[in-house]
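The lines below spell out each chain.
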Amino acid sequence: QVQLVESGGGLVQPGGSLRLSCAASGSMLSVNVIGWYRQAPGKQRELVATITPGRNTDYIDSVKGRFTISRDNAKNTVYLQMNSLKPEDTAVYYCNRGRGFTPYPWGQGTQVTVSS
């Protein structure tokens, strides 16, 4: 069973940066469309960015130009570089397969808090 482990979150001031990492057991990440999701308090989980095995990427409008998703297949890891962070980016961030694919069991996520 695939286990997903997210890390790299924290408390950062507006305008700051964080890099999130998503590691998985096995080698499943390299052959799947992987997405970063986030869930803010009282809101539904939303898909923020995706990356295909061919490294094609897609983002929701609110993070375009600020977030970058990437993957290192040798390390079986997917990253989310987040720059120019805003308070509205505050959420628990998760990784999993992209929309339309049966998700793996969700990991614990990593908390991102943007506040002065």
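Residues numbered from 1 in each chain as written. Predicted model: local features only at pLDDT ≥ 70, side-chain atom pairs only at ≥ 80, totals over all residues. Heavy atoms only, no water.

A. Representation of the state of the cysteines. Here the structure, examined in full by the defined rule, presents 1 disulfide. Disulfide partner of Cys22: Cys95, at an S-S distance of 2.0 Å. On the sign convention where negative is left-handed, the bridge of Cys22 and Cys95, at about 70° about the S-S bond, is right-handed. Of the two residues, Cys22 sits in strand S3 (residues 18-24) while Cys95 sits in strand S9 (residues 91-97), which places them 73 residues apart along the sequence. Residue Cys95 is classed as buried on the basis of its relative accessible area of 0%. (Disulfide = S-S within 2.5 Å. Helix = DSSP H or I, 4+ residues; strand = E, 2+ residues; numbered from the N terminus. Buried < 20%, exposed > 50% of the residue type's maximum accessible area, 1.4 Å probe, protein only.)

B. Just the sheet that holds strand S4 (residues 34-39), in detail. Spatially, S2-S10-S9-S4-S5-S6 is the arrangement adopted by the 6 strands of the open sheet, whose pairing is mixed. Looking at the sheet topology across the chains shown, the edges are occupied by strand S2 (10-12) and strand S6 (57-59). On average, each strand axis in the sheet is inclined to that of its neighbour by 25°, with strand direction left out of account. Both S4 and strand S5 (residues 46-51) contribute to a ladder of 5 bridges, which runs antiparallel. By the bridge assignment for S5, Trp36 is matched with Ala49. (Pairing = 2+ DSSP bridges. Axes fitted to C-alpha atoms, helices over the stretch in contact; angles between N-to-C directions.)

C. Representation of the packing of aromatic side chains in the model. For the coordinates displayed, the defined rule picks out 2 aromatic pairs. Each ring, one from Tyr37 and one from Trp106, has its centre 5.1 Å from the other, and the planes form 85°; the classification is edge-to-face. Here Tyr37, found in strand S4, pairs with Trp106, found in the loop between S9 and strand S10 (110-114); they are 69 residues apart in sequence, far enough to count as distant. Among the residues examined, Tyr37 registers a relative accessible area of 10% and is labelled buried. For Trp106, a relative accessible area of 34% gives the class partly exposed. Taken together, the aromatic side chains of Tyr37, Tyr94 and Trp106 make up a single cluster linked through ring pairs. Across the ring face of Trp106, the terminal group of Arg45 is positioned such that the distance to the ring centre comes to 3.8 Å. (Phe/Tyr/Trp six-rings, centres within 6.5 Å; stacked < 30°, edge-to-face > 60°. Lys NZ or Arg CZ within 6 Å of the ring centre and 35° of its normal.)

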